[in-house]
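Structural overview for review
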2 protein chains.
Amino acid sequence: MQQPVFSLTISSPTNIALIKYWGKRDAKINLPINSSVSVTLNQRDLRTVTTVSASRSFSRDRLWLNGEEEDVNASRRVLAVFREVRARAGDLRDPKTGQVLVRKDEWDGLRVWVVSENNFPTAAGLASSAAGYAALTFALSKLYGLPDSLADELSCIARMGSGSACRSLAGGFVAWDMGQRADGVDSRARQVADEAHWPELQVLVLVVSDTKKTVSSTAGMQTSVDTSPLLAHRAAAVVPGRLAEMEAAYQSRDFGKVAELMMRDSNQFHATCLDTYPPVFYMNDASRAIVRMVHALNEAAGETVCGYTFDAGPNAVLLTLKRHLPTVLAAANTHFPPKRPVEATLASESLLAALKSTPLPPKLSSLYPLAPMRGAVSYIYHTDVGPGAMLLPDSESLAGEDGTPLRLAAPAASPPHQKLLLAAIAIAAGCVALKVARK
Amino acid sequence: MQQPVFSLTISSPTNIALIKYWGKRDAKINLPINSSVSVTLNQRDLRTVTTVSASRSFSRDRLWLNGEEEDVNASRRVLAVFREVRARAGDLRDPKTGQVLVRKDEWDGLRVWVVSENNFPTAAGLASSAAGYAALTFALSKLYGLPDSLADELSCIARMGSGSACRSLAGGFVAWDMGQRADGVDSRARQVADEAHWPELQVLVLVVSDTKKTVSSTAGMQTSVDTSPLLAHRAAAVVPGRLAEMEAAYQSRDFGKVAELMMRDSNQFHATCLDTYPPVFYMNDASRAIVRMVHALNEAAGETVCGYTFDAGPNAVLLTLKRHLPTVLAAANTHFPPKRPVEATLASESLLAALKSTPLPPKLSSLYPLAPMRGAVSYIYHTDVGPGAMLLPDSESLAGEDGTPLRLAAPAASPPHQKLLLAAIAIAAGCVALKVARK
């Protein structure tokens with residue numbers, strides 16, 4: 001008998017830290033050595049969509065990411081998220097009627113299929129891990145009927161999947177308080193200001209072309225913790241005060257101060273990577289040229305019009321205000337003309353028009369006298385600050401009614417001997433079929 | 001009446017810090033925020049030669065650097081060195097006969113001409129400032145008859161010219177103790193081990209091609225002191241212990257430990273530059289590639305065969321031992337083939353022969369899988385550890401008997417209007433001469 005499939009779909013944002021998380025005091029449950037704070041990027045432009053389906057007819061849990069099936073059991077962190085959500089399961093109710101669809105005590109008999117897609121490439125280095133684990137955690141929490149009162153625990157569960165994922169559950173400006181407890185119950189996210197607080201704030205992402213494989217964040221930060229004396233000092237003596245300054249500056253919409261602090265913190269994070277042994281390099285010459293250009297631009301403009309930050313990769317994330325956006329975009333587009341022109345990646349016609357008519361500040365060329373760095377940037381995204389993870393209508397489902405993914409990645413080409421074998425089997429089957437037909 | 005010219009010639013080495021000096025607590029007399037230690041490079045390969053001449057017939061002090069005259073009075077530091085040496089003047093005695101040539105009380109009537117040349121290009125970024133001020137200080141101290149008992153004070157005078165110059169007055173492994181006093185009397189160099197202590201030690205300098213103008217050390221370190229929280233911690237909490245470790249390791253010829261400490265300290269120095277606001281960048285992508293290659297080489301070799309250090313510029317200075325030199329050179333030459341081939345810059349035939357016959361460690365290509373970075377390195381120097389500043393015979397003098405430089409740089413082309421004027425004068429003079437001749 002065909003079992004019912006209970007399904008829902010959510011979307012979750014990515015986030016960019018302005019005060020960085022780098023280094024764990026507990027690698028098993030992702031407890032950090034310092035607090036951090038991020039802006040949640042708008043899901044209109046960058047998001048992870050996740051459909052979760054539960055059914056008795058599923059024999060095991062399964063997971064597809066961007067069209068490719070992953071082994072659920074291969075990831076300790078995915079298992080942790082499943083386990084922690086299931087331990088808190090309530091009833092699954094129909095959102096319209098309130099009818100109980102799955103009772104709390106019935107969940108053990110149902111397995112779950114997860115289908116997840118990012119609308120931005122993983123190679124873009126835009127923290128898809130944080131977005132993905134936030135999506136998984138949120139989706140499962142809705143499926144398993146966790147009440148909103150468990151929001152703090154949900155934050156901890158996302159954190160266990162991937163530390164900074166907890167910051168994607170909320171919108172706007174979100175802190176991750178490091179906590180003091182060994183069990184991590186107090187290491188979770190806290191919304192500092194929501195996404196409506198500062199509508200002027202704008203974000204440009206300069207995706208830097210880089211073929212070099214970089215050290216994973218988890219490996220890199222462990223080596224940093226183990227070997228960098230400067231990192232320990234940063235965590236203990238610099239971040240607490242800086243974070244408080246940053247929260248206050250964001251609350252009062254002091255863009256100059258926010259920009260200064262984010263630039264200093266990005267540089268300090270990368271400084272601790274360099275102080276690691278062996279050293280870890282995430283920024284490249286293009287990243288550094290962008291840094292120089294931003295400082296020159298701010299000086300040429302006579303005020304702070306732009307701040308930069310870099311994560312564990314060469315991409316630049318620039319913050320600015322609506323009124324400065326054409327100028328900042330013009331400077332970026334002029335000095336780092338992207339391989340895919342902005343006409344292809346920027347949705348706003350008015351912004352593209354403003355770009356054409358906005359002159360660069362006169363002093364910029366003398367303060368930043370270098371020729372355009374062609375090919376350094378692959379493309380430029382424009383986005384702003386947006387909401388946290390949210391439910392989507394079933395029309396956005398990534399799965400069919402039976403729970404299987406609607407879109408799968410093209411299968412890898414079969415090896416030659418497999419093709420030969422399949423051909424032989426097909427021929428043999430064809431011959432048998434022919435004989436049967438002739439009888 | 002022609003006045004006698006008293007002259008002598010010295011040579012002075014450059015030095016490379018293995019624990020870095022970066023940041024002053026007093027910019028007027030160059031007192032550092034932490035101690036440092038360096039190896040003195042062999043003057044056989046890199047040196048500054050300086051001839052100083054004194055005479056009553058000189059109306060003023062003059063100074064030529066690499067064939068170009070500089071304004072003595074334009075440099076507060078040059079004036080400081082002159083002043084401090086003169087204040088301690090003794091008699092100038094003929095070195096052969098002991099006869100007094102200039103009495104202590106006669107010096108006021110004599111002015112000094114200084115002719116100085118580096119045998120390495122300034123653009124090579126090899127600390128020519130330290131070598132130059134050490135040379136000036138030492139040369140003047142010999143001319144003005146300062147006794148050897150004033151060695152400590154001489155160290156302070158060189159320091160006042162350029163901080164790290166004090167380390168070039170001695171050979172081998174030389175520390176610059178930061179001192180505690182405000183007057184700087186205790187901020188001076190101390191020889192940890194002489195140049196004969198570790199004959200195995202070898203140095204390769206990879207001069208990295210870089211057209212970008214970098215921030216001067218003096219300006220950069222001031223901004224670092226003013227803005228980097230990590231620098232303050234480095235100076236107070238990291239360097240003292242690390243320096244003690246380094247001295248002990250050098251004394252016991254523990255190459256693995258010396259190499260590890262020098263690499264960590266170079267990286268930490270550059271980390272504090274990145275933590276500066278605005279950030280200061282001295283290393284470039286070629287520098288970082290060299291770093292990666294060295295770590296891969298040490299891993300492939302199964303032991304530490306090489307250490308790197310970078311000053312305020314992109315050049316790499318590699319330390320190794322005689323037995324590893326062909327391997328290290330082969331790795332550098334393969335992955336960073338210099339624009340000027342090593343056959344042109346390395347004097348040792350046996351080393352060049354060894355280079356041809358030395359295979360790279362088998363695991364290197366998998367640990368460092370990148371294609372050779374052509375054009376990144378301009379040329380490669382080979383040298384070792386050598387003595388401090390020393391007297392040279394008069395046959396090496398850079399000046400004629402009248403004190404003027406034997407070699408001047410080609411004069412700059414005259415501006416057009418000057419040429420026109422000179423031509424007009426010449427024609428007029430020619431006409432007058434003709435008229436006079438015809439009378």
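Cut-off values and rules
- Numbers given to residues run from 1 along each chain, matching the order in which its sequence is written.
- Note on labels: chains are lettered from A, ligands numbered from 1, in written order.
- Where totals are concerned, whole chains, interfaces and linings use all residues; where local detail is concerned, this predicted model gives features only for residues with pLDDT of at least 70, and gives and counts side-chain atom pairs only at 80 or more.
- Hydrogens are left out, water is left out, and the side-chain values use all remaining heavy atoms of the structure.
- UniProt positions are given in the numbering used here, feature names are shortened, and annotations may be inferred rather than shown by experiment.
- Every residue is assigned a pLDDT by the predictor, reflecting its confidence on a scale from 0 to 100.
- To sort residues, take the accessible area from a 1.4 Å probe on protein chains only and compare it with the maximum for the residue type: under 20% means buried, over 50% means exposed, and anything in between is partly exposed.
- Helix and strand definitions here come from DSSP, where helices need a minimum of 4 consecutive H or I residues and strands a minimum of 2 consecutive E residues; each element is numbered from the N-terminal end.
- When DSSP finds two or more bridges between a pair of strands, those strands are recorded as paired.
- Axis lines are fitted through C-alpha atoms, for helices just across the contact stretch, and the angle between N-to-C directions can take any value from 0 to 180 degrees.
- Contact criterion: two residues are considered in contact whenever any of their non-hydrogen atoms come within 4.5 Å of each other.
- In summary, the pairing rule links any two rings of Phe, Tyr or Trp, Trp by its six-membered ring, whose centres are within 6.5 Å, and it sorts them by plane angle into stacked for under 30 degrees, edge-to-face for over 60 and tilted for everything else.
- Whether a charge sits over a ring depends on NZ of Lys or CZ of Arg being within 6 Å of the ring centre and within 35 degrees of the ring normal.
- Summed over both partners, buried area is the accessible surface (1.4 Å probe) that two parts give up on being assembled.
- Just to be clear on terms, a salt bridge is a Lys or Arg side-chain nitrogen sitting within 4 Å of an Asp or Glu carboxyl oxygen.
- We define a nonpolar core as any set of buried Ala, Val, Leu, Ile, Met, Phe, Trp, Tyr and Cys residues linked to one another through side-chain atoms lying within 4.5 Å.
- Domain start and stop points were drawn from an automatic or database domain assignment.

As named in an unreviewed UniProt entry, chain A is Diphosphomevalonate decarboxylase, taken from Emiliania huxleyi. Quoted straight from UniProt, the Catalytic activity (unreviewed entry) entry for chain A says "(R)-5-diphosphomevalonate + ATP = isopentenyl diphosphate + ADP + phosphate + CO2".

**Thoughts on the confidence of the model for chain A**
The predicted model of chain A has a mean per-residue pLDDT of 92, with 92% of residues at 70 or higher. Interface confidence for the predicted complex, expressed as ipTM, amounts to 0.86; the pTM equals 0.89.

**Examining unusual backbone geometry**
All names here are of chain A. With an omega of 0 degrees, the peptide bond running from Tyr277 to Pro278 counts as cis. Phi is positive for Asn30, close to 55 degrees, though the residue is something other than glycine. Given the relative accessible area of 1%, Asn30 is considered buried. Even without glycine at this site, Arg253 takes up a positive phi of about 55 degrees. Within the secondary structure, Arg253 sits in the loop between α5 (229–251) and α6 (255–274).

**Considering the sheet that holds strand β14 (residues 201–208) of chain B**
Residue and element names in this part refer to chain B. One open sheet holds the 4 strands; their spatial order is β15-β16-β14-β17, and the pairing between them is antiparallel. The open sheet terminates on both sides in strands that have one partner only, identified here as β15 (307–309) and β17 (377–384). Direction aside, the axes of adjacent strands within the sheet are offset by 20 degrees on average. The sheet contact formed by β15 and strand β16 (residues 316–321) spans 3 bridges and is antiparallel. The residue bridging Tyr308 from the neighbouring strand is Leu318, located in β16. Sitting on the sheet, helix α8 (residues 325–335) is in contact with β14, β16 and β17, with an inclination near 10 degrees to β14.

**What about helix α3 (residues 151–161) of chain B?**
All names here are of chain B. Of all the 11 residues making up α3, 8 are buried; the element is thus mostly covered by neighbouring parts of the structure. Those residues of α3 that sit buried are Leu154, Ser155, Cys156, Ile157, Ala158, Arg159, Met160 and Gly161. Its buried side turned inward, α3 meets β4 (31–32), α1 (76–86), α2 (128–143), β12 (173–177) and β13 (188–193).

**Looking at the sheet that holds strand β15 (residues 307–309) of chain A**
Residues and elements named next belong to chain A. Reading across from one edge, β15-β16-β14-β17 is the order of the 4 strands in this open sheet, with antiparallel pairing throughout. The open sheet terminates on both sides in strands that have one partner only, identified here as β15 and β17 (377–384). Strand-to-strand twist across the sheet, computed as the mean angle between neighbouring axes with direction ignored, equals 20 degrees. As paired strands, strand β14 (residues 201–208) and β17 are joined by 7 bridges and run antiparallel to one another. Along β17, the bridge assignment pairs Val203 with Thr383.

**Observations regarding the packing of aromatic side chains**
For the structure shown, the criterion picks out 22 aromatic pairs over all chains. Between Trp198(A) and Tyr250(A), the ring centres sit 5.1 Å apart and the planes meet at 85 degrees, which makes this aromatic pair edge-to-face. Here Trp198(A), found in the loop between β13 (188–193) and β14, pairs with Tyr250(A), found in helix α5; they are 52 residues apart in sequence, far enough to count as distant. Assigned by exposure class, Trp198(A) and Tyr250(A) land together as buried. In this structure, Arg62(B) is placed above the aromatic ring of Trp113(B), and the distance from its NZ or CZ to the ring centre is 5.2 Å.

**Here's the deal with the interface of chain A and chain B**
Between chain A and chain B, the contact holds 30 residues from the first and 29 residues from the second. When the two sides are added together, the surface that chain A and chain B hide from each other amounts to roughly 2700 Å², 68% of it contributed by carbon and sulfur. By the criterion of area lost to chain B, the three top residues of chain A are Leu230(A), Tyr277(A) and Phe281(A), representing 24% of everything that side buries. Scanning the region where chain A abuts chain B turns up 2 salt bridges.

**Structural notes on the side chain of His270(B)**
Among the structural elements, His270(B) can be located in helix α6 (residues 255–274). Sequence-distant contacts of His270(B), that is, excluding residues within four places in its chain, are made with Leu274(A), Tyr282(B), Met283(B), Phe310(B) and Asp311(B).

**A look at the nonpolar core**
Grouped together as the largest cluster of nonpolar side chains are 152 residues, with contacts concentrated most on Ile290(A), Leu318(A), Ile290(B) and Leu318(B). Filtering out sequence-adjacent residues up to four positions away, Ile290(A) remains in contact with Leu206(A), Val208(A), Phe310(A), Ala316(A), Leu318(A), Phe336(A) and Val377(A).

**Topic: the domain arrangement of chain A**
Residue and element names in this part refer to chain A. Here chain A is partitioned into domain 1 (1–193 + 388–411) and domain 2 (200–384). Computed over C-alpha atoms only, the centres of domain 1 and domain 2 are separated by 28 Å. Of the residues lining the interface, 33 residues belong to domain 1; the matching set on domain 2 comes to 41 residues. In total, domain 1 and domain 2 occlude about 3000 Å² of area from one another, counting both sides; carbon and sulfur atoms represent 68% of this.

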